[in-house]
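Take a look at the letters that make up each chain.
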Number of protein chains: 2
Amino acid sequence: MGTTQLEPVPEPKYWHLKTVIGEALDSDFAVGEILPNERELAARFGVARATLRQALEQLELEGRLQRRRGVGTTVAPPRVGVDVSTSPNDWPGAAGDTWQAVGCSPAVPPAAVARVLDTEGDEPVHIVRRLLVSHGQPVATELVYVPGTSVPDLSGIDAPSGATRARGVLRELQRLPLEGQDRAVELGSARADDARELDRLPGAPVLVVTTRYFSEGRTAIASVATYRADTCRLTFGDSGDLEIRHDGRRRAS
Amino acid sequence: MGTTQLEPVPEPKYWHLKTVIGEALDSDFAVGEILPNERELAARFGVARATLRQALEQLELEGRLQRRRGVGTTVAPPRVGVDVSTSPNDWPGAAGDTWQAVGCSPAVPPAAVARVLDTEGDEPVHIVRRLLVSHGQPVATELVYVPGTSVPDLSGIDAPSGATRARGVLRELQRLPLEGQDRAVELGSARADDARELDRLPGAPVLVVTTRYFSEGRTAIASVATYRADTCRLTFGDSGDLEIRHDGRRRAS
DNA sequence: GAGTGGTCTAGACCACCGA
DNA sequence: CGGTGGTCTAGACCACTCT
């Protein structure tokens, strides 16, 4: 990546920069390699740092770069495919579920959640917090909203909160007949607490997967899962190795 | 939304701004209403315009605002749910498909696509371009990559290119037995051509849905669909009215 | 032409990380 | 501590849309 002068083109500088750097990433850098710092890069391309940052932001959004404050900018590995297929027609916490229960506490759900649960707006539900770790990295957090009516018998569970109780609530859930589910995916930005757990800054782009689980003709539970959009690719169906966007990347030495 | 002074807090100004404006959106504005312009808002909150823009960008990313150059910033309607469920186990272009075929031309697919299609890297395929319109707005573009071997008999199709040929290729596809499909969703940024069709600027955030269709033990076709991330919520399953993220929005008068 | 959002600059300081 | 990316400023000019 030499001292490339950007020829004057009608397209925005940051867009052109993104293309140029993106190509350099494919040809001159290996996964995990550290890029020159932003001030240096900006000087090299003859643009202000803010302009350069706009290009890097886009590349990070596309999962091609990873930036960490105090450390530097590195070439990101390909996105990890996370299976969110509906085929394991199971409740959260079923056998084979790879999420880690983190905690559980009773609370009044947000109004929008209460609405899909068909509960009263001020009726507290069990909120189970879970974390999904893949390749040693946290990739998603989830809040599972469980109305008391869906787990009527919690007598066997001593723990008042925490991971143990979370697992207990999810275990209790397995006794309900699951009749179907309903899912939506949309773009969001990480709330402060999610961001902390996902090792990102607040506002980082995330894929929000909202699921409704039906049992006995009503919505038994609802869950909102938040996936890191920069590092994840959500997969539906049997094969998680579908990769179609980028190529030509070398592996780290 | 008065001349609110931001109290000095440890969190970034733009983050706090986003919260404040977001709340004002819920309580003081109707869908479709125009906000004061950026210079005015920045002055009101006592911040630089760039800082204000950072907040607006986040709100736009979350689908709560819509900004158009030369026009202004308006309050966005709730995201439209787009059904991408796998249940209509059908090829693209099957009966009931609401996409509009735009064109079709032979071309060598990108290397990454050729790989999943199991074709030679330099073998041209039919590339069908389609557009999905919802509520009068274009919400997605799609490229369907069809190897010649999947539509061996195109003799009935006169049109050399264009929408007519696109429909012909898709019609021919229906004769193949569909054995399954495979899907992935990830975040991307709009290429220049997609952006134009979606009425957005290049680099706008999009949800990229990549699908592989299997027939007779191999990948018969592949498709890459690009949805506007700001206005769309992808839904899987029977109910497209699942909305769980925001509430309290009034309707435009 | 007037007014909007989009791009860009050249600085400054802050928060965080690792040696 | 020095170096990194993150935040913020106060300007300027451009591209676009409406009237």
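Thresholds, definitions, all that
- Residue indices begin from 1 for each chain and proceed along its sequence in written order.
- The lettering of chains begins at A and the numbering of ligands begins at 1, in the order of writing.
- Residues qualify for local features only when their pLDDT is at least 70, as the model is predicted, and side-chain atom pairs are given and counted only at 80 or more; totals for whole chains, interfaces and linings, by contrast, use all residues.
- Water and hydrogen atoms play no part in the side-chain values, which are based on all heavy atoms of the structure.
- Strands are runs of DSSP state E lasting at least 2 residues, helices are runs of H or I lasting at least 4, and numbering of each runs from the N terminus.
- Relative accessibility thresholds used throughout: buried, under 20% of the residue-type maximum; exposed, over 50%; partly exposed, between the two (1.4 Å probe, protein chains only).
- Contact definition: two residues touch when any of their heavy atoms are within 4.5 Å.
- Where accessible areas are quoted, they stem from the Shrake-Rupley method and a 1.4 Å probe; at the residue level, only the protein chains shown are allowed to cover.
- One heavy atom within 4 Å of a molecule or strand makes the whole residue count as near it.
- Polar contacts here mean pairs of N or O atoms no more than 3.5 Å apart (in protein, one a potential hydrogen donor and the other a potential acceptor; neighbouring residues in sequence count only if both atoms are side-chain atoms).
- All amino acids are sorted into three groups, where Ala, Val, Leu, Ile, Met, Phe, Trp, Tyr, Cys and Pro are nonpolar, Asp, Glu, Lys and Arg are charged, and the leftover types, Gly among them, are polar.
- In this analysis, strands are considered paired if DSSP registers two or more bridges between them.
- For every element, the axis is a line fit to its C-alpha atoms; helices are fit only across the contacting stretch, and the angle between N-to-C directions ranges from 0 to 180 degrees.
- Any two rings among Phe, Tyr and Trp, with Trp reduced to its six-membered ring, count as a pair given centres within 6.5 Å; such a pair is stacked if its planes are under 30 degrees apart, edge-to-face if over 60, and tilted if neither.
- Here, a salt bridge means any side-chain nitrogen of Lys or Arg that lies within 4 Å of a carboxyl oxygen of Asp or Glu.
- A least-squares fit on C-alpha atoms brings the copies together, and the residues used are those whose pLDDT is at least 70 in both copies.
- Domain start and stop positions are those given by an automatic or database domain assignment.
- Here's the idea: put two parts together, see how much 1.4 Å probe accessible area each one loses, and the total over both is what we call buried area.
- Each angle is binned into one of four classes, with values under 35 degrees roughly parallel, values over 145 roughly antiparallel, values of 65 to 115 roughly perpendicular, and all other values oblique.
- Should the near helix be turned anticlockwise from the far one by less than a right angle, the crossing is left-handed, and should it be turned clockwise, the crossing is right-handed.
- In this scheme, a helix's expected span is set at 1.5 Å multiplied by one less than its residue total.
- UniProt positions are given in the numbering used here, feature names are shortened, and annotations may be inferred rather than shown by experiment.

### Quick look at the overall build of chain A
Link 1 in the chain: Along the backbone of chain A there are six helices and ten strands.
Link 2 in the chain: The proportion of buried residues among the 253 residues of chain A is 53%.
Link 3 in the chain: Of the contacts made within chain A by residues no fewer than 6 positions apart, 64% connect residues no fewer than 24 positions apart.
Link 4 in the chain: When the accessible surface of chain A is split by element, carbon and sulfur atoms take 50% of a total near 11600 Å².

### Things to note about the protein's contact with DNA strand C
Link 1 in the chain: Neighbouring DNA strand C are 26 residues; Lys 13 and Thr 51 of chain A together with Asn 37, Arg 49 and Arg 53 of chain B lie closest to it.
Link 2 in the chain: The sugar and phosphate moieties of DNA strand C supply 67% of its atoms located within 4 Å of the protein.
Link 3 in the chain: For DNA strand C, a phosphate oxygen lies 2.9 Å from a polar atom in the backbone of Glu 38 of chain B.
Link 4 in the chain: Arg 67 of chain B places a polar side-chain atom, nitrogen or oxygen, 3.4 Å from a phosphate oxygen of DNA strand C.

### Observations regarding the protein's contact with DNA strand D
Link 1 in the chain: Neighbouring DNA strand D are 26 residues, the closest being Asn 37, Arg 49 and Arg 53 of chain A together with Lys 13 and Thr 51 of chain B.
Link 2 in the chain: In DNA strand D, atoms within 4 Å of the protein come from the sugar-phosphate backbone in 66% of cases.
Link 3 in the chain: For DNA strand D, a phosphate oxygen lies 2.4 Å from a polar atom in the side chain of Thr 51 of chain B.
Link 4 in the chain: When contributions to the surface near DNA strand D are tallied by element, the ones reaching two or more residues are helix H2 (38-45), helix H3 (49-61), strand S1 (65-68) and strand S2 (72-75) of chain A together with helix H1 (13-28) and helix H3 (49-61) of chain B.
Link 5 in the chain: Among the elements that take part in the surface near DNA strand D, H3 of chain B stands out by supplying four residues, more than any other.
Link 6 in the chain: Across the surface near DNA strand D, the residue classes tally to eight nonpolar, seven polar and eleven charged.

### Quick word on the sheet that holds strand S6 (residues 137-146) of chain B
Link 1 in the chain: Spatially, S3(A)-S10(A)-S7(B)-S8(B)-S9(B)-S6(B)-S5(B)-S4(B) is the arrangement adopted by the eight strands of the open sheet, whose pairing is mixed. Each edge of the open sheet carries a strand with a single partner, namely strand S3 (80-83) of chain A together with strand S4 (100-107) of chain B. Sheet twist, expressed as the mean angle between neighbouring strand axes with direction ignored, is 20°.
Link 2 in the chain: By the bridge criterion, four bridges tie S3 of chain A to strand S10 (residues 232-236) of chain A in an arrangement that is parallel. Looking at the pairing, Val 80 of chain A lines up with Cys 232 of chain A of S10 of chain A.

### Details of the packing of aromatic side chains
Link 1 in the chain: Summed over the entire model, instances satisfying the criterion amount to five aromatic pairs over all chains.
Link 2 in the chain: Centre to centre, the rings of Trp 91 of chain A and Tyr 213 of chain A are 5.8 Å apart; their planes meet at 25°, and the pair counts as stacked. Here Trp 91 of chain A, found in the loop between S3 and strand S4 (100-107), pairs with Tyr 213 of chain A, found in strand S8 (residues 205-215); they are 122 residues apart in sequence, far enough to count as distant. In this pair, the class of Trp 91 of chain A matches that of Tyr 213 of chain A, namely buried.
Link 3 in the chain: Residues Phe 236 of chain A and Phe 236 of chain B carry aromatic rings whose centres are separated by 4.3 Å and whose planes lie at 10° to one another, so their mutual orientation is stacked. Placement of Phe 236 of chain A in strand S10 and of Phe 236 of chain B in strand S10 (residues 232-236) is noted, with the two residues assigned to different chains.
Link 4 in the chain: Taking the relative accessible area as the measure of exposure, Phe 236 of chain A reaches 10% and is therefore buried.

### What to know about the interface of chain B and chain A
Link 1 in the chain: Facing the 47 residues of chain B at the interface are 48 residues of chain A.
Link 2 in the chain: Between chain B and chain A we count two salt bridges in total.
Link 3 in the chain: The salt bridge partner of Glu 186 of chain B is Arg 79 of chain A, with a shortest N-O separation of 2.6 Å.
Link 4 in the chain: Summed over the shared surface of chain B and chain A, the number is 15 residue pairs in polar contact (both at pLDDT 80 or more).
Link 5 in the chain: Secondary structure elements with two or more residues in the side of chain B that touches chain A: H1, H3, helix H4 (111-117), strand S7 (180-189), strand S8 (205-215) and S10 of chain B.

### Some remarks on the relation of the copies chain B and chain A
Link 1 in the chain: Overlaying chain B with chain A gives an RMSD of 0.0 Å, the required rotation being 180° about an axis along which the chain moves by 0.0 Å. With respect to symmetry, the two chain copies, as superposed, fit the operation of a two-fold axis.
Link 2 in the chain: The share of interface residues of chain B whose copies in chain A are also at the interface is 100%, consistent with both copies meeting through the same surface.

### Some points on the domain arrangement of chain A
Note: interface size is frequently given as the accessible area lost on complex formation between the parts.
All names here are of chain A.
Link 1 in the chain: Under the domain assignment, chain A is made up of domain 1 (13-75) and domain 2 (82-233).
Link 2 in the chain: One C-alpha centre belongs to domain 1, the other to domain 2; they are set 35 Å apart.
Link 3 in the chain: Domain 1 puts five residues into the contact, and the matching count from domain 2 is four residues.
Link 4 in the chain: Summed over the three residues of domain 1 that lose the most area to domain 2, namely Glu 60, Leu 61 and Gln 66, the buried surface amounts to 64% of that side.

### What about the sheet that holds S10 of chain B?
Link 1 in the chain: Sheet architecture is open: eight strands sit in the order S4(A)-S5(A)-S6(A)-S9(A)-S8(A)-S7(A)-S10(B)-S3(B), paired in mixed fashion. Two strands bound the open sheet, and with one partner strand each, they are S4 of chain A together with strand S3 (80-83) of chain B. On average, each strand axis in the sheet is inclined to that of its neighbour by 20°, with strand direction left out of account.

### Let's talk about the packing of H1 of chain B against H3 of chain B
Residues and elements named next belong to chain B.
Link 1 in the chain: Orientation of H1 relative to H3, taken along the N-to-C sense of each, is 55°, at an axis distance of 8 Å. By the criterion of interaxial angle, the relationship of H1 to H3 is oblique. The handedness of the crossing between H1 and H3 comes out as right-handed. From H1, Lys 13, Tyr 14, Trp 15, Leu 17, Lys 18, Ile 21 and Gly 22 reach across to H3, where they touch Thr 51, Leu 52, Gln 54, Ala 55, Leu 56, Gln 58 and Leu 59.
Link 2 in the chain: Of the residues assigned to the contact of H1 with H3, the class counts are eight nonpolar, four polar and two charged.

### Observations concerning helix H1 (residues 13-28) of chain A
Link 1 in the chain: When the terminal C-alpha atoms of H1 of chain A are compared, their 21 Å separation across 16 residues agrees well with the 22 Å that a helix rising 1.5 Å per residue should span.
Link 2 in the chain: Among the residues making up H1 of chain A, those that are buried are Tyr 14, Trp 15, His 16, Leu 17, Lys 18, Ile 21, Gly 22, Ala 24 and Leu 25 of chain A.
Link 3 in the chain: Buried residues belonging to H1 of chain A abut H2, H3, S1 and S2 of chain A together with S7 and helix H6 (192-197) of chain B.

### Looking at the UniProt feature "domain: HTH gntR-type" (unreviewed entry) in chain A
Link 1 in the chain: Mapped onto this numbering, the UniProt entry gives "domain: HTH gntR-type" (unreviewed entry) at residues 11-78 of chain A.
Link 2 in the chain: The span residues 11-78 of chain A is 54% helical and 12% strand by assignment, and the distance between its end C-alpha atoms comes to 28 Å.

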